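Spelled out, the chains give:
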Amino acid sequence: RLTLFLFNVLMGVSEVLIRFARCRNEGRDMRSLLRHFTQDVRGNVAMMFAMLLGPLVVSVGGALDYSRTFTIGAEIQSAMDAGTLAAASLSQGEDPETIVRNYITAALSEHNGVLERLNVQVSSDLAINSREVTADAVISVPTLMLGIIGYDALTLNRVSEANERVRNLEISLVLDISGSMSGSKITALRDAAEEFVGVMMDPDLEGLTSLSVIPYNGGVRLPQTVTNDLVPGTPNDSGCLELGVSDPVTMDLAANGYDWLDWQDRDQRGWRSSAFCPEENEATVFLEQTPSVLVNLIRDLDAGGNTGLDVATAWGARALDPAWRGRLGGDFASRPAAYDDPSTMKVLVVMTDGAATAQIRRAQNWYGDWYSYEIYSASQARDNMADACDAAEAEGVHIYTIAFQVSGSTNRNLMRDCASRPENYYAVENLDISAAFNSIAADLNNLRLAR
C-alpha cells in the first residue's frame, strides 16, 4: 500500500518538475512559469490516471473478491440444503452432522484455504415419525485485493433446515370379490392385497397407519359395530343393509332406521349370504392396524355374486369421512381425522374386474317362483360411483383405481375418471395385479413423507 502511494506521489511530482523545467528553458520568470503551469494541460491524463490508479485497482479487485465470496456462499448454501435434506431422512442411520459436513466438503474441494475457515454447527431432533436437521455455517473467505485497504477477509453466514415427517395415513382398500373374480384372479388378488398390507403396515410406523379392507360383491357386509348403529333393535350380527337409490353415495347416513337387505324373504345377516351380500367371514374391517386381522380377512376372500361397485366405493369413502368417527369400530377412536388435518393423508383404492351392475335387491315369491326386480339400473350405478369419487376427491382424498382385466371403454373410463390423477389409474391386462398394488404402495410411502 505504501509503495503504491509513493509511486502515485512521485508520478505527480515528476510531472510538475518537468513542466517547470520546460518553462525555464524557454526563459520565463516565476510568474510566467506559474501562469503557464496552470494553463498547460499536457500530461494531465497521465497524472490523473496515476492518481486514480490505486482506487481503480482496489475497486476492480474488490468486485472480484465480492463475486468470488458470494459464489462460494451460494455453493455452501446449495451443499447445506442437499446435506440437511439427506440427513433428515428417516431411512438413513448415519450421524446427521457427518452427512452435512461431507456435502459441504465436496462442494468446497476446489477452493483452497476455505474449508479451514469454515465453522459449521449441526443440530438434529429425532422423534418416532419425524427428524429435523438444522445447519448453521459461518465462513471467513480470504480476499485477494481488498487487503490493500484493510479487508483481509469477508464473512458469510448461511443457514439451512430440513424436516422429514411421516404423516398419518388412512387407507380404504375396496376389493372386488364378485363371481367373475373366480379362479386364478381371486388367488392373484389375495396375494397382491396381502403383500400390500405387509408393505403399508410397517411395524416401525405403528400407530400411524389405519387400513380398512372392504370386500364387495353386489353389496358390502358391514361389521356388527356398524349394523348395531344403523339397524335398531336387532341382534349383534354383521350383515348387509337395504339402501335406497341415493343412499349409496350419501356419505353421512342417518344414525339408524335402516333394514337388513332382504333376499328371497331372508335378512342378509349372520350366516346368510347372497349375490348382494358377501359371506360372514368376508365382513368389512374398518380402521385396523393389526396386520394379522387384515391378512386373515384377505386370505378368506372368495368369489361370487354381482358387482356393487357404487355401494362399495361409497363405503370406502365413508371410512375416510370424519362424520363417521366413532361409528366404525377399529383401533383408532380419533379416526377418521378431519379432512383438513395437515398431519393426515387419506387414500381410497378401488379395484374391480368388471362393470358396476344394477341393484336387484329384492325378490318376490309368485306362486312358488322367485321374481327379482331392479331398484336402479347399471347406468345409475355408474353415476352413483362417479358421484362418490367426486365427493371424496373434493375433500382432498387421494384416489387410486385398478381395472383388473376390465373390458369395454365405458367400464374403463369409469375407473379412469374416478382416479384423482391420470397416473393413479392402473389397467392390468394380465394376472400381475401385484405390480399395481406395489406401485401404489411405493407412491403412498413417498407422498406421506412431508419435507
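Below you will find a few notes about this structure. (Residues numbered from 1 in each chain as written. Predicted model: local features only at pLDDT ≥ 70, side-chain atom pairs only at ≥ 80, totals over all residues. Heavy atoms only, no water.)

### Digging into the pattern of salt bridges
Close approach of charged atoms lets side chains of opposite charge pair.
Okay, so step 1: Taken as a whole and assessed by the stated rule, the structure comprises ten salt bridges.
Okay, so step 2: The salt bridge partner of R269 is D237, with a shortest N-O separation of 2.6 Å. Of this pair, R269 sits in the loop between β7 (266-267) and β8 (285-288) while D237 sits in the loop between α6 (224-230) and β6 (262-263); the two residues are 32 residues apart in sequence, bridging distant segments of the chain. For the pair R269 and D237, a shared accessibility class is recorded, and that class is buried. (Salt bridge = Lys/Arg side-chain N within 4 Å of Asp/Glu carboxyl O. Helix = DSSP H or I, 4+ residues; strand = E, 2+ residues; numbered from the N terminus. Buried < 20%, exposed > 50% of the residue type's maximum accessible area, 1.4 Å probe, protein only.)

### Some details on the pairing of strand β5 (residues 209-216)
Okay, so step 1: With eight of its eight residues buried, β5 lies for the most part within the structure.
Okay, so step 2: Side chains of β5 alternate between two faces, with T209, L211, V213 and P215 and S210, S212, I214 and Y216 buried alike.
Okay, so step 3: For the crossover from strand β4 (residues 168-176) across helix α5 (residues 184-200) to β5, the handedness is right-handed.
Okay, so step 4: In terms of strand pairing, β5 meets β8 through two bridges, oriented antiparallel. Paired with V213 across the bridge in β8 is V285. (Right-handed = clockwise from strand over helix to strand, strands pointing away. Pairing = 2+ DSSP bridges.)

### Digging into the environment of S439
Okay, so step 1: Among the secondary structure elements, S439 is positioned in helix α11 (residues 433-447).
Okay, so step 2: In sequence terms S439 and Y426 are 13 residues apart; their C-alpha atoms lie 9.3 Å from each other.

### With respect to the nonpolar core
Okay, so step 1: Within the largest apolar cluster, 41 residues are counted, with the highest numbers of intra-cluster contacts made by L230, F286 and W315.
Okay, so step 2: Every element with two or more residues in this core is listed here: β5, α6, β8, α8 (309-318), β9 (344-352), α9 (378-394), β12 (398-404) and α10 (409-418).
Okay, so step 3: With five residues, the top contributor of residues to this core is α8.
Okay, so step 4: When sequence neighbours within four positions are dropped, the list of residues in contact with F286 reads L211, S212, I214, L222, P223, V226, W315, A319, L328, G329 and G330.
Okay, so step 5: Judged by nonpolar contacts, the second largest core, of 38 residues, contains L175, L297, I298 and I433. (Core = buried A, V, L, I, M, F, W, Y, C linked by side-chain atoms within 4.5 Å. Contact = heavy atoms within 4.5 Å.)

### So, the environment of S89
Okay, so step 1: With respect to the helices, strands and loops of the structure, S89 is situated in the loop between α3 (44-87) and α4 (96-107).
Okay, so step 2: A residue is classified by how much of its surface remains accessible, and S89, at 11% relative accessible area, is buried.
Okay, so step 3: Along the sequence, S89 and N163 sit 74 residues apart, while their C-alpha atoms lie 8.0 Å from each other.
Okay, so step 4: Each residue touching S89, except ones within four places of it in the same chain, is listed here: R131 and E164.

### Focus on the sheet that holds β8
Each strand in a sheet pairs with its neighbour through backbone hydrogen bonds, running either in the same direction (parallel) or in the opposite one (antiparallel).
Okay, so step 1: Pairing is mixed across the open sheet formed by six strands, whose spatial order is β8-β5-β4-β9-β12-β13. Of all the strands in the sheet, the pair left with one neighbour each is β8 and β13 (425-428). Here the strands of the sheet are splayed against their neighbours by 10° on average, with no regard to which way each runs.
Okay, so step 2: Each of β4, β9, β12 and β13 touches α11; the most contacted strand, β12, lies at about 170° to it. (Axes fitted to C-alpha atoms, helices over the stretch in contact; angles between N-to-C directions.)

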